[in-house]
Amino acid sequence: MGPAGGAARPGRFFGVYLLYCLNPRHRGRVYVGFTVNPSRRVQQHNGGRKKGGAWRTSGRGPWEMVLVMHGFPSAVAALRFEWAWQHPSASRRLAHVGRRVRGETSFAFHLRVLAAMLRVPPWARLPLTLRWLRPDFCRDLCPPPPPHMPLAFGPLPSPQAWNDSKQATDQGAEDQCSLCACALQDEEGPLRCPHPGCPLRAHVICLAEQFLQVEPGQLVPLEGQCPRCKNSLLWGDLISLCRMGSEKDNDDSDLEEGHWTDLLET
């Protein structure tokens, strides 16, 4: 099901997580939320509303963050995913999922909804990673995630590991597009192959056109083969790596604290 560690994709972090309640009085309850910092967010939930947690989790802890979906291109994309996961019956894209059936646990129901979400547009083509933070809670999704969405296990690597991966790709880089041979000086953030030692640098449109040769009916590729080192590449990884350092380090923590979806029933 994938490597035991699983490298996090680089760039700014936007995640949607699933909490599981370990309190014997409320055991089995779950909560879906958005975060830019998983470790801080679970501490807030366990600290109650005074510490920034949601009112639905306040006073019912301890809570454990068992999985997180990450790799969203923006906070808006992650928040829309969160809302649909919280309210599948209100989402027209999830009308086929149905409501929670008798005897089905809340945890099992939310995994069933998640499995369906990852197989319908627009989420089916996002460069997401399903990370089990608690492998002992891991369950096989039915249907499984698309092939381009890897499974990962364990805590997220530190942001320094992402920065190190970018620095490695800068070594030995070329000054012209590896595909069209035109100069890259006017290109904002050329795409780089993340594999160590690979000198690939390419215009976004050049590499997209090459990847889409096997998917001529699509506008955005999912994956392809690096034309230099021949390793398989996920398009989402390339875009995330390209964006590293091109955006200001904005504090997105206010997005996860008490936004309006907390007031809706799930």
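For the structure itself, consult the block above.
Below: a short report on this structure.

### Things to note about the overall build of the chain
Then comes step 1: Regarding its fold elements, the chain presents six helices and nine strands.
Then comes step 2: Scored against the burial criterion, the 266 residues of the chain give a buried share of 48%.
Then comes step 3: A separation threshold of at least 6 residues defines the contact pool for the chain, and within that pool the share at least 24 residues apart is 64%.
Then comes step 4: Of the roughly 13800 Å² of accessible surface on the chain, 52% is carried by carbon and sulfur atoms.

### Brief notes about the sheet that holds strand E2 (residues 30-35)
Then comes step 1: Taken in spatial order, the five strands of this open sheet run E2-E1-E3-E4-E5, and their pairing is mixed. Strands with a single pairing partner mark the edges of an open sheet, and in this sheet they are E2 and strand E5 (151-153). Averaged over all pairs of adjacent strands, the angle between their axes in this sheet comes to 25 degrees, without regard to strand direction.
Then comes step 2: Where strand E1 (residues 15-21) and strand E3 (residues 63-70) come together, seven bridges link them in antiparallel fashion.

### Digging into helix H3 (residues 106-117)
Then comes step 1: Over its twelve residues, H3 extends 16 Å from the first C-alpha to the last, a length consistent with the 16 Å expected when each residue adds 1.5 Å.
Then comes step 2: Among the twelve residues that make up H3, ten are buried, leaving the element largely enclosed by the rest of the structure.

### A word on unusual backbone geometry
Then comes step 1: Following Pro121, the chain continues to Pro122 via a peptide bond in cis, the omega torsion being 0 degrees.
Then comes step 2: As for its position among the elements, Pro122 is in the loop between H3 and strand E4 (129-132).
Then comes step 3: With omega at 0 degrees, the peptide bond leading from Cys142 into Pro143 counts as cis.
Then comes step 4: Unlike most non-glycine residues, Ala181 shows phi in positive territory, near 70 degrees.
Then comes step 5: Mapped onto the elements of the fold, Ala181 is located in the loop between helix H4 (159-170) and strand E6 (191-192).
Then comes step 6: You will see that Lys230, though not glycine, has its phi angle at about 70 degrees, which is positive.
Then comes step 7: Within the fold, Lys230 resides in the loop between strand E8 (223-225) and strand E9 (232-234).

### Quick look at the pairing of E3
Then comes step 1: Among the eight residues in E3, seven count as buried, and that is most of the element.
Then comes step 2: In this structure, E3 lies alongside E4, joined through four bridges in antiparallel fashion. Residue pairing in the sheet places Met69 in a bridge with Leu130 of E4.

### Some thoughts on the pairing of E2
Then comes step 1: Counted residue by residue, E2 has six buried out of six residues, so it is predominantly covered.
Then comes step 2: Here E2 shows a buried face lined by Val30, Val32 and Phe34 and a second buried face lined by Tyr31, Gly33 and Thr35.

Rules used throughout
- Residues numbered from 1 in each chain as written.
- Predicted model: local features only at pLDDT ≥ 70, side-chain atom pairs only at ≥ 80, totals over all residues.
- Heavy atoms only, no water.
- Helix = DSSP H or I, 4+ residues; strand = E, 2+ residues; numbered from the N terminus.
- Buried < 20%, exposed > 50% of the residue type's maximum accessible area, 1.4 Å probe, protein only.
- Contact = heavy atoms within 4.5 Å.
- Areas by Shrake-Rupley, 256 points an atom, 1.4 Å probe, with all protein chains shown as cover.
- Pairing = 2+ DSSP bridges.
- Axes fitted to C-alpha atoms, helices over the stretch in contact; angles between N-to-C directions.
- Expected span 1.5 Å × (residues − 1).

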